[in-house]
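Commentary on secondary and tertiary structure
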Amino acid sequence: MTAPLTLEALNKASHDTALRWLGDIYEHSPWVAEQALKHRPFATLAALKYCMAKAVEDAGTEAQETLLKAHPELAGKAMVARTLTAASTSEQQRAGLTQCTEEEFETLQRLNLAYRAQFGFPFILAVRGPRGTGLTPGQIIGHFSRRLHGTLQAERTECLRQVHRIAELRLNERFAQAPAIGDSLWDEHAHLARHTQSPDPSVLSVDYLSPAHRACATDLMERMQAAGFDEVRQDAVGNVVARYHPPQDTPDARYLLTGSHYDTVRDAGRYDGRLGILVPLAVVAALHAEKRRLPFGIEVVAFAEEEGQRFSATFLGSAALTGRFQRGWLSMADKDGHTVAQAMRAVGLPGEMDAIAAECRNPRDYLAFVELHIEQGPVLPSLNLPLGVVTSINASVRYRCEVIGTASHAGTTPMQLRQDAAAAAAEFMVFAERRATRDGDSVATVGMLHVPSGSTNVVPGRCSFSIDMRAPSDEQRDALSHDLIAELQGICIRRGVMLKLEEVMRASAAPSAPAWQAHWEAVVSEMGLPVHRMPSGAGHDAMELHHMLPQAMLFVRGENNGISHNPLESCTADDLDLAADAFRRLLHRLALEHSTTWPNT
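This structure is a prediction, so every number in the text was calculated from the model and none was measured.

Considerations on the overall build of the protein
- Helix and strand content of the protein: 22 helices and 16 strands.
- Relative to its length of 601 residues, the protein is compact, with a C-alpha radius of gyration of 27 Å against a globular reference of 25 Å.
- By its C-alpha atoms, the protein is 75 × 75 × 45 Å across when sized along the principal axes.
- The buried share among the 601 residues of the protein stands at 53%.
- For the protein, the computed accessible surface area is about 25800 Å², with 52% contributed by carbon and sulfur atoms.
- Looking at the protein, you have 58 positive and 72 negative side-chain charges, and the mean spots of the two groups are 2 Å apart.

Structural notes on the pairing of strand β16 (residues 551-556)
- In terms of burial, β16 is a largely internal element, 6 of the 6 residues being buried.
- Of the two faces of β16, the one carrying Q551, M553 and F555 and the one carrying A552, L554 and V556 are both buried.
- Here strand β5 (residues 366-374) pairs with β16 via 6 bridges, running parallel. By the bridge assignment for β16, E371 is matched with M553.
- Judged from the 3 bridges that link them, strand β6 (residues 387-393) and β16 form a sheet pairing that is antiparallel. Opposite V389, over in β16, you have L554 as the bridge partner.

Overview of the packing of helix α8 (residues 102-119) against helix α9 (residues 137-147)
- Running from N to C, α8 and α9 cross one another at 25°; their axes reach a closest spacing of 10 Å. By the angle between their axes, α8 is roughly parallel relative to α9. Considering how the two elements wind past one another, α8 and α9 form a crossing that is left-handed. Contact residues: α8 offers E104, T107, L108, L111, N112, Y115 and F119, while α9 offers P137, G138, I140, I141, F144, S145 and R147.
- Looking at the contact of α8 with α9, its residues break down into 8 nonpolar, 4 polar and 2 charged.

Section: the pairing of strand β1 (residues 231-234)
- Where β1 lies against strand β2 (residues 240-244), 4 bridges are found, and the strand directions are antiparallel. Note on β2: the bridge partner recorded for R233 is V241.
- Following β1, the chain reverses through 5 residues before pairing antiparallel with β2; G238 in that reversal takes a positive phi of roughly 100°.

Things to note about the packing of aromatic side chains
- Evaluation of the coordinates by the stated rule reveals 11 aromatic pairs.
- Ring geometry for Y115 against F123: centres 5.2 Å apart, planes inclined by 80°, an arrangement best described as edge-to-face. Across the pair, exposure class does not vary: Y115 and F123 are buried alike.
- When the centroid spacing of 5.0 Å and the interplanar angle of 75° are considered together, the rings of F325 and W329 count as edge-to-face. The same class applies to F325 and to W329, which are both buried.
- Aromatic ring contacts, followed pair by pair, group Y115, F119, F121, F123 and F144 into a single cluster.
- A cation over an aromatic ring shows up here: R243 above the ring of Y255, its NZ or CZ 3.8 Å from the ring centre.
- Of note, R293 hangs over the ring of Y244, and the distance from its end group to the ring centre comes to 4.2 Å.

Some words on the environment of T391
- In this fold, T391 is placed in strand β6.
- Exposure remark for T391: the relative accessible area of 25% places this residue in the partly exposed category.
- Ignoring any residue separated from it by four or fewer positions in sequence, one finds T391 in contact with P511, S512, Q517, R533, M534 and P535.

Regarding unusual backbone geometry
- In this structure, the amide linkage connecting R40 to the following residue, P41, adopts the cis form with an omega of 0°.
- For P41, the location among the structural elements is in the loop between α3 (30-36) and α4 (45-59).
- Within the chain, K291 stands out as a residue other than glycine whose phi angle is a positive 60°.
- A relative accessible area of 75% means that K291 is categorised as exposed.
- We note that H565 has phi near 55°; this positive angle belongs to a residue other than glycine.
- Within the secondary structure, H565 is located in the loop between β16 and α22 (573-594).

Quick notes on the state of the cysteines
- Overall, the coordinates contain 0 disulfides when judged by the stated rule.
- The structure places no disulfide on C492, whose sulfur is separated from the nearest cysteine sulfur, that of C401, by 8.8 Å.

A look at the packing of helix α12 (residues 211-227) against helix α13 (residues 275-289)
- In the contact formed by α12 and α13, the axes pass within 8 Å of each other and the chain directions differ by 25°. By the criterion of interaxial angle, the relationship of α12 to α13 is roughly parallel. Facing L220, R223, M224 and A227 of α12, the residues of α13 in contact are I277, L278, L281, V284, A285 and H288.
- When its residues are assigned to classes, the contact of α12 with α13 shows 8 nonpolar, 1 polar and 1 charged.

As for the pattern of salt bridges
- Under the definition given, this model contains 45 salt bridges.
- Between E168 and R165 there is a salt bridge, with the nearest N and O atoms lying 2.6 Å from each other. Taken together, the residues E168 and R165, both in helix α10 (residues 152-174) and 3 residues apart, mark about one turn of the helix.
- Across the salt bridge formed by D336 and K335, the nearest N and O atoms sit 3.6 Å from each other. By the burial criterion, D336 is exposed, and K335 matches it.
- One salt-bridge network, held together by shared partners, links R233, R243, E299, E359 and R361.

As for α12
- Compared with an ideal rise of 1.5 Å per residue, which puts 17 residues at 24 Å, α12 spans 24 Å between its outermost C-alpha atoms and is within 8% of the ideal.
- Note on α12: the residue one or two positions beyond its end, G228, has a positive phi of about 105°.

Looking at the side chain of S205
- Mapping S205 onto the fold places it in the loop between α11 (180-192) and α12.
- Every residue in contact with S205, bar those within four places of it in the chain, is listed here: T196, Q197, S198, A212, T264, V265, R266 and D267.

Points about helix α2 (residues 15-22)
- The set of residues buried in α2 consists of T17, A18, L19, W21 and L22.
- Buried residues in α2 make contact with α1 (7-12), α3, α4 and α10.

Here's the deal with the nonpolar core
- M224, F229, F325, M344 and W520 are the most contacted members of the largest nonpolar core, which has 105 residues in total.
- At 11 residues, the largest contribution of residues to this core is made by α22.

Calculation notes
Residues numbered from 1 in each chain as written. Predicted model: local features only at pLDDT ≥ 70, side-chain atom pairs only at ≥ 80, totals over all residues. Heavy atoms only, no water. Helix = DSSP H or I, 4+ residues; strand = E, 2+ residues; numbered from the N terminus. Rg over C-alpha atoms; globule rule 2.2 N^0.38 Å. Buried < 20%, exposed > 50% of the residue type's maximum accessible area, 1.4 Å probe, protein only. Areas by Shrake-Rupley, 256 points an atom, 1.4 Å probe, with all protein chains shown as cover. Lys, Arg positive; Asp, Glu negative; His and termini not counted. Charge placed at Lys NZ, Arg CZ, Asp CG, Glu CD. Pairing = 2+ DSSP bridges. Axes fitted to C-alpha atoms, helices over the stretch in contact; angles between N-to-C directions. Parallel < 35°, antiparallel > 145°, perpendicular 65-115°, else oblique. Left-handed = near helix turned anticlockwise from the far one by under 90°. Contact = heavy atoms within 4.5 Å. Nonpolar A, V, L, I, M, F, W, Y, C, P; charged D, E, K, R; others polar. Phe/Tyr/Trp six-rings, centres within 6.5 Å; stacked < 30°, edge-to-face > 60°. Lys NZ or Arg CZ within 6 Å of the ring centre and 35° of its normal. Disulfide = S-S within 2.5 Å. Salt bridge = Lys/Arg side-chain N within 4 Å of Asp/Glu carboxyl O. Expected span 1.5 Å × (residues − 1). Core = buried A, V, L, I, M, F, W, Y, C linked by side-chain atoms within 4.5 Å.

Below, the structure written as structure tokens:
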């Protein structure tokens, strides 16, 4: 077709015509479109993309392998011989692969050979990247080099994901549907990432109340004001608070509370937390541009602290809103000896409990708290789904442990007479993995493991380690904790070593409010996507707001197998666009519930 395709035309067309329009979306594999077209009509372009990806998933390993092998090598023989398909030629040109330097071209040729020899299929990467504008040859080589170290199964799965991303970009062009809001959101995340305390500007690290943190807060305030919020302020703990009022003739209207955090872990990704700030900001900006008000207000809070990087407490930002900010937190010190109160006063915040307590919200003024967040895991990528509905934020408990045995000569101490502290810890780690796996959705992690004064020829006399346990309910967490601690104690008795055990954190599960979870489910269904319900293994600000308001979360798929707390954390502009569409649809549903005159308000 020369004119852009429309979903209406696709849904009404004969099978043969529709197949002619879509048969080349997947490289030399018209069967993908043929299977997907069986699911017409498609409500949205996102639904068509999902059905095509599902057709590949359902086709089986042999068909998938054939699909992978149908793809050309990047800067390979087909490009040199000019035998690429028109779509592949355009994609490789946009990434600058047709203008590689001699050194880059030689590197790509070498990597192509190594990759195919290792995995048996060509390296596949959507060279137009998450923003759709094209990766540089250097970025492509970086992806190439990193993925050479993957396993066969992981690479096969990742190549299929990249195939779907290539298809997504081709469908966008076929339907002339650019993710305009998603592109803007991608750029906004990149812009905020300029603020970092790392001397390396490419490394994102933003501790609470650091100069980078303050710069980020200022940037957010400017963006909220430009978006058309009626009130923008910074509160007593550094949260950035923006309010979009309801119409003036509804003075008693309540507010929908939303937002997330803008502090980061060290060496972080761009989307953790910030996605839940910037998406509502973009939707409110669109409402303001249309001069539209909702029958309720919108309050967006960019929480100043959630990660617990600088001080040993988390949720300092959201705890101020729930009235659960603890006075003792003001005297907590960072590694340089600066207390929370001192750090607050150093940047112009009051640093006093009375001012913080005054930030506590009255639940009667709010409808609920909703949060959008990048998934931070591999579930949605594995299902080829851009959105997931959170059922509960998992309960958790953490322990600090030390096993004390006897350090002795590794050559002269018989195996049966050893009191090996590290071996006891290792035996426990294997049990913890097996026991958590038995539940299906519980997790147990030994994340810190240390043998003090360890030596090659010394049986370890001491071993310290952490245990982190999480489960969708308090009861399931407690059962897991009971079994793991009992086994650890039994291992230590059997091995003749001592155990020191300290519980350092316990958090209850935060199940989503059923009515609000149902709102997210309805929104996802309206978008023509399957509703996937899933627990959140990570903690979020919604976990704290759960103490005051009904809450529900929507997850957004991440790139690179969902990796997070890592510079590889990424999200496509298309998925950001869908997140904004989901939030807009949520507001529309709520407006219809709360006013008979919407959408003419």
